Amino acid sequence: MSELTEQQKKDYWRYNLRLTMNLLAIGFVVAYLLSGLWAESLNEVSFLGFPLGYYMAAQGSLAIFVIEIAVYARLMNRKDLEYGIYEEAQK
Amino acid sequence: MNLRKIFTLYTVGFLGVTIILGLAEHFFDLPNRWIGWIFMGLSLGIYIVIGILTRTSDADQYYVAGRGVPAIYNGMATGSDWMSAASFISMAGTLSVQGFSGLAYVMGWTGGYLLLAVFLGPYLRQFGAYTIPDFLGARYGGNAARLVGVFAAILCSFTYLIAQVTGVGLIVSRFIGLDFNVGVFVGLIGVLFCSVLGGMRSVTWTQVAQYIILITSYLVPVVVLSWQLFSNPIPQLAYGKVLQMNNQSALAITRDPQEKATREIWKAEAAAADAKLKDPATPEAEKTKLAAAQKTAATQAKAPAASDDAKVGNYLTVPKGKGMWNFLALTFCLMVGTAGLPHILARYYTTPSVREARTSVGWSLFFIFLLYFTAPAYAAFARFSVFTKLVGQKISDLPSWVTLWKPAGLFDVVDKAGDGIIQFADFVIKSSDFVVLATPEIAGLPFVVTGLIMAGGLAAALSTADGLLLTIANGISHDLYYKVINPKATLLKRLTITKIFLIVTALISAYVATFRLAIIVELVAWAFSLAGSSFFPALVMGIWWKRTNKAGALAGMISGLAVTLFYMIGSRFYGMSWFGTATVASGVFGLPVGFLVTWVVSLLTPAPDRETQDLVISVRYPTSGSAARAINAGH
């Protein structure tokens, strides 16, 4: 496995930072705005027989967190392959 | 045999035993107590066997399971490590009592894994230490940061451990009828067998086995109820309808004349108790009892929450103003606390690679999600069962389970109005834990389902106790003894000391648990604020900012912890209040202080040496091996 060049290191890290920030921003909106501050107005909308604000706090936000982590793992793991920095034989 | 085969066979076997017991109950009237004993004996037996099979005295195996736990199994192990007796037994009940506000727990405890996934998990794995204080020691050089880490880890873990041990005692005493104190020590045998014989390795595989039991037992009753009512095996989709039906029942109860009459009687009783309380002639000793009676009567006098429109009503009322601030603050504290609890973080040391660590956080949250996603549905079905199976029955036809549950002190059924009919106001809820524990019987499911719930609750409490116990013992033996007191200690000596501390810690926690201190439950909720304000800033900044130095981290950890503790104690005991913040959310002040102090003090003092800074940079790139080498050289 070859060492990364400085440029590659920079690109890799910038990609990671951008992904991290985006996921956190989504998480913030979901947990603190949709399921918190805005929940009352969202409750006017009905979803699967539930008021939407309640549904987001009780179920929707949880599902979104799971998806976010899965996306993070998938994208970062793919990036590692692309840059050739991953452990395969190390057990 | 490979892992998948083993655990598939195990799951099928467990379900098979449950079905056989169900048949035996149906056809041969197998007594309830026997079912309880079989479930407990069988599950404890499995954990002990796993403990013996996976015993080890290799350091890597003992501390981090040889870093060979595949992502999905580490996910299951984290799931049961994480989900405590409180998640399993109390969460659904809390949701049904607290309504919207209770959702802070659901969101905080799951959202924390997002923080863990992007900020900590993969990087800690790349660092490759043995414990969390171990990371602090390596990153910040010297023993000071390590020692503060050990102190904070014990502070967060010990009360949490006592709560688990109490949970074990409660479950065993409720279902088997053993004395609480005996139950505590029976449960400890199951915990100690695993952790003492094989450390992290045994604990990991036991936790996987425990996860399978706990999730099966949580899902079975709700799925069965959902199927009975709607022919829909997915309760999460069906319970919207249940909420609406519950609202209809609640409305009917509000208007029913006989219910009204019963509530009036309670009201009169509450007023009488109140008057007596205010009477100076009442002896002090009687007052506590009177106050409790007054509270019960006042609660019973209230009509169930319902709303006139077809919507689901008060139960869903979003808090406003200070209520909303506390809701958000608590969610925040639980999130950062989750991402800062040492017994959870240490699980990500055990995966074979950084890639697997990332995937593993995803699996962890998925497995936790399965239970949390079900909890609100569980609560709705529990309420539904009470409305439809209990309310309106003749008191003379009271099913036998009501009397059997009475000694457990979860609820009571009294005929207040003396009309021979059970009114909703006659159903006295003493602990919302009844939701998970008693719903199968209220809904008329066979006792074997209740036995299953017992096995699940036991698994939840034991698995968390395992993880916590190991965190405390490793902190003392690895970080305090080996790294600070006697760096020349042989492996044998270190492992022996770990084992001694496992047993000593377990015994102390069992001893404290026998006092049944009421404050324990409260203290557990505090652990999240404490972990969030001590570990989270030091770990995140240590990984993400190479300029963070020892002085900054130390000052940050200590000041974060101090501010949180100050507000906790001040608000709980001395009536202090900053912006009306609740005690459980104290971390909302400590955490920013921790970050700020770490930042400022780091900048005011010299930068860490070149080597440390390179180490921090190298952690960003999996396999740029210097990190793992630098740390492992110390072992």
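The rules behind these values
- Residues numbered from 1 in each chain as written.
- Chains lettered and ligands numbered in written order.
- Predicted model: local features only at pLDDT ≥ 70, side-chain atom pairs only at ≥ 80, totals over all residues.
- Domains from an automatic or database assignment.
- Contact = placed C-beta atoms within 7 Å.
- Helix = DSSP H or I, 4+ residues; strand = E, 2+ residues; numbered from the N terminus.
- Axes fitted to C-alpha atoms, helices over the stretch in contact; angles between N-to-C directions.
- Left-handed = near helix turned anticlockwise from the far one by under 90°.
- Nonpolar A, V, L, I, M, F, W, Y, C, P; charged D, E, K, R; others polar.
- Buried ≥ 20, exposed ≤ 12 C-beta atoms within 10 Å, placed from the backbone.

**Details of the domain arrangement of chain B**
Residue and element names in this part refer to chain B.
Inference 1: Here the domain parsing of chain B yields domain 1 (3–231 + 323–380 + 448–632) and domain 2 (235–322 + 391–430).
Inference 2: Each of domain 1 and domain 2 was reduced to a C-alpha centroid, and the two centroids are 36 Å apart.
Inference 3: Across the boundary between the two partners, domain 1 contributes 19 residues, which contact 17 residues of domain 2.
Inference 4: Elements supplying a minimum of two residues to the side of domain 1 that touches domain 2: α9 (180–230), α13 (322–338) and α15 (354–390).

**Structural notes on the packing of helix α8 (residues 143–176) of chain B against α9(B)**
Residue and element names in this part refer to chain B.
Inference 1: Viewed as axis vectors pointing N to C, α8 and α9 meet at an angle of 115°, and their least axial separation amounts to 7 Å. The chirality of how α8 crosses α9 is right-handed. On the side of α8, the interface is formed by V165, V168, G169, V172 and S173, while α9 contributes F180, G183, V184, V186 and G187.
Inference 2: Partitioning the contact of α8 with α9 into residue classes produces six nonpolar, four polar and no charged.

**Some details on the environment of F515(B)**
All names here are of chain B.
Inference 1: With respect to the helices, strands and loops of the structure, F515 is situated in the loop between α19 (491–513) and α20 (519–544).
Inference 2: On the basis of neighbour counts, which here come to 10 C-beta atoms within 10 Å, the residue F515 falls in the exposed class.
Inference 3: Separated by 334 residues in sequence, F515 and N181 have C-alpha atoms that sit 9.4 Å apart.

**Some points on the interface of chain A and chain B**
Inference 1: Contact with chain A, which involves 43 residues of that partner, is made by 43 residues of chain B.
Inference 2: Going through the elements one at a time, α1 (6–37), α2 (39–42), β2 (50–51) and α3 (52–83) of chain A are the ones with two or more residues in the side of chain A that touches chain B.
Inference 3: Broken down by element, the side of chain A that touches chain B gets its largest block of residues, 17 residues, from α3(A).
Inference 4: The residue makeup of the side of chain A that touches chain B, split by class, is 26 nonpolar, 11 polar and six charged.

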